[in-house]
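Structural characterization, general
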Amino acid sequence: MAQLERLLNSATMAVEFQDGNSSSNSSNSSRYDCNPVSTAAVLLADILPSLVIKLSAPFVIHKLPYGFRVLFCSATAATSFLLVSFSSTVWMSILGVVFASVGSGLGELSFLSLTVYFSRDVVGGWGSGTGGAGVAGALLYSGLTQAGLSPQVTLLAMLVVPVAMLLSYFLLLLPPPSLPQWRVREEEYTAVSSEDRRALMEGLEEEEEEEEEKSTPGQSVESTLLQRSSPAEARAVGPLSFPEKLHVIRGLLRFVLPLGLVYFAEYFINQGLMELLYFPELFLSHAEQYRWYQTLYQVGVLVSRSSLCCVKIRNLWALALLQVVNAVLLLFAVRFLFLPSAWLVFVIVVYEGLLGGAAYVNTFYFISQETGDRHREFAMAAASMGDSMGIALAGLTAFPVHRYFCSL
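Predicted model, so just to flag it, every value in this text is computed and none were measured.

Within the protein chain, the regular secondary structure consists of 17 helices and zero strands. Out of the 408 residues in the protein chain, the part that is buried amounts to 54%. Sequence separation of at least 24 residues holds for 86% of the intrachain contacts in the protein chain that already meet a minimum separation of 6. Total accessible area on the protein chain is roughly 17200 Å²; 68% of this is exposed by carbon and sulfur atoms.

What follows is the structure, encoded as structure tokens:
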């Protein structure tokens, strides 16, 4: 789902970027070679529907079996490609991005919830896959258009992606018997503690013993809410009540807030500042520089989202602080133009991607590790709202900042 969304964003932003530059070259007297209508417009169309889905769906999505969710996500992805590829107006392209956003939001929270039916190592695989999707989406669009294909033909060719997602899910994935593929569970969360899932989790008993040894009497309320529950407890009760879900969300705040701050700073850079970091003396055009910024950022995301097997970072607030420092540095760089070369910006955006990817994958890894069996499926879905809230706030903030710089 991440690759579908990024392919659509690349195509739509490219059209907006080119249209904006052609108009700005003739009428924009700003010292920045920029489009007064920033890419934050596309960002908001991309993230707001997804945010609505992530805020509301975790409370009711358990009533829709996973098989139907995947079918719906693939259908919205195919629709979004068709809308953007055949669009003749900006509003039609934006509508295509909205469809991609709905499918992406539902897909992300569904697949994160799905990880609870498998070994916890699958969270690292999810992080690597979503990181790779960013690089693949950017390179595929750039490569095919550079090879001479029009944006319309490129997007039509990418209709193979939702088809591949369906085939991989229904033919390649080997779900445990407890997975509610086409039916609604009579009792939620019992499957999480079933024997078939335990067979997939090597060394689980040793892991639980280690956690018991590490536990202390002075744990916070949030930590208590997120402690792993026993199998007997998970089987003894039915679906989570609404107050219980709110308690779980309260316990998730220590993960969601730093993740949201990381993504706020990250997307404030990407959508409000990157276009303004233009170096005319470089052999790359403005559009090419912007494309390389985005591609190198995705490379950083891929590397850090794949790093879970090597390093795990528990201090999420440290990652948030470092990303805010990045945003402040580049904000001053845009205002005072003190960065000497685009090559330095290339290094900074790779570092930005490393921080963002690390925050994402470590957040969901530790939620998976520290959440009780009964709460884990809901928690994985609900925590996905953190990055979307940060991105939405970044888009709203980037609008006036970008317009201010373009007016100088």
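A few words on the nonpolar core. Grouped together as the largest cluster of nonpolar side chains are 76 residues, with contacts concentrated most on Leu-114, Leu-252, Leu-273, Tyr-293, Phe-364 and Ile-367. In terms of residue count, the dominant contributor to this core is helix α15 (residues 342-370) (14 residues). Counting residues in each nonpolar core, the second largest holds eight residues, with Ala-57, Cys-73, Met-165 and Ala-381 among its members.

It is worth spelling out the packing of aromatic side chains at this point. In the structure shown here, the tally under the stated rule is 17 aromatic pairs. Measuring from ring centre to ring centre gives 5.4 Å for Phe-59 and Phe-242, while their planes differ by 40 degrees; the resulting arrangement is tilted. Taken as a pair, Phe-59 in the loop between α2 (40-56) and α3 (66-85) and Phe-242 in helix α12 (residues 242-273) lie far apart in primary sequence, 183 residues in all. Note on Phe-59: relative accessible area 22%, which makes it partly exposed. The positively charged end of Arg-314 is found above the aromatic ring belonging to Phe-366, 5.0 Å away from the centroid. For the cation-ring pair, Arg-335 lies above Phe-336, with the distance from its terminal atom to the ring centre recorded as 5.5 Å.

On the surface, Val-299, Val-303, Leu-322, Tyr-351 and Leu-354 cluster together into a nonpolar patch covering about 360 Å² of accessible area. Among the secondary structure elements, those contributing two or more residues to the nonpolar patch are α13 (286-305) and α15. With respect to the secondary-structure elements, Leu-322 resides in helix α14 (residues 316-336).

A few words on the environment of Val-161. By the secondary structure assignment, Val-161 is in helix α7 (residues 160-172). On the basis of relative accessibility, which here comes to 18%, the residue Val-161 falls in the buried class. C-alpha of Val-161 to C-alpha of Ala-78: the two residues are 83 residues apart in sequence and 8.6 Å apart in space.

In this section: the pattern of salt bridges. Considering all chains together, one arrives at six salt bridges under this definition. In this structure, the salt-bridge partner of Glu-370 is Arg-314, at a minimum N-O distance of 3.1 Å. On the criterion of sequence distance, the pair formed by Glu-370 in helix α15 and Arg-314 in the loop between α13 and α14 is long-range, its members being 56 residues apart. Residues joined in a network through salt bridges with shared partners are Lys-54, Glu-108 and Asp-387.

Put simply, α15 and helix α16 (residues 373-382) touch, their axes get as near as 9 Å, and they point 165 degrees apart. If you check the angle between α15 and α16, you find them roughly antiparallel. Crossing geometry of α15 relative to α16 is assigned as right-handed. The residues of α16 that touch α15, namely those facing Phe-364, Ile-367 and Ser-368, are Arg-376, Ala-379 and Met-380. The residue inventory of the contact of α15 with α16, partitioned by class, reads four nonpolar, one polar and one charged.

Okay, the confidence of the model for the protein chain next. Confidence in the prediction for the protein chain averages 80 pLDDT; 76% of positions are at 70 or higher. Predicted confidence in the protein chain is weakest over helix α11 (residues 231-236), with a mean pLDDT of 42, and strongest over α14, with 96. Taken together, the stretch residues 187-204 has pLDDT below 50 and engages in 50 contacts with residues farther than four places along the chain or on a different chain. Of the regions scoring below 50 in pLDDT, residues 228-236 engages in 25 contacts with residues more than four places distant in sequence or in other chains.

Looking now at the packing of α12 against α13. At a minimum axis distance of 11 Å, the contact between α12 and α13 shows a crossing angle of 155 degrees. In terms of axis orientation, α12 runs roughly antiparallel to α13. Taken together, the residues of α13 that come into contact with α12 (itself represented by Tyr-263, Glu-266, Tyr-267, Asn-270 and Gln-271) are Tyr-290, Gln-294, Tyr-297 and Arg-305. Tallied by class, the residues present in the contact of α12 with α13 amount to four nonpolar, three polar and two charged.

In this structure the tally under the stated criterion is zero disulfides. Summary of cysteine pairing: Cys-310 is not part of a disulfide, and the nearest cysteine sulfur, belonging to Cys-309, is at 3.6 Å.

Rules behind the numbers
- Residues numbered from 1 in each chain as written.
- Predicted model: local features only at pLDDT ≥ 70, side-chain atom pairs only at ≥ 80, totals over all residues.
- Heavy atoms only, no water.
- Helix = DSSP H or I, 4+ residues; strand = E, 2+ residues; numbered from the N terminus.
- Buried < 20%, exposed > 50% of the residue type's maximum accessible area, 1.4 Å probe, protein only.
- Contact = heavy atoms within 4.5 Å.
- Areas by Shrake-Rupley, 256 points an atom, 1.4 Å probe, with all protein chains shown as cover.
- Core = buried A, V, L, I, M, F, W, Y, C linked by side-chain atoms within 4.5 Å.
- Phe/Tyr/Trp six-rings, centres within 6.5 Å; stacked < 30°, edge-to-face > 60°.
- Lys NZ or Arg CZ within 6 Å of the ring centre and 35° of its normal.
- Patch = residues over 30% accessible without salt bridge, like charges linked within 9 Å, V, L, I, M, F, W, Y side chains within 5 Å.
- Salt bridge = Lys/Arg side-chain N within 4 Å of Asp/Glu carboxyl O.
- Axes fitted to C-alpha atoms, helices over the stretch in contact; angles between N-to-C directions.
- Parallel < 35°, antiparallel > 145°, perpendicular 65-115°, else oblique.
- Left-handed = near helix turned anticlockwise from the far one by under 90°.
- Nonpolar A, V, L, I, M, F, W, Y, C, P; charged D, E, K, R; others polar.
- pLDDT = per-residue confidence, 0-100.
- Disulfide = S-S within 2.5 Å.

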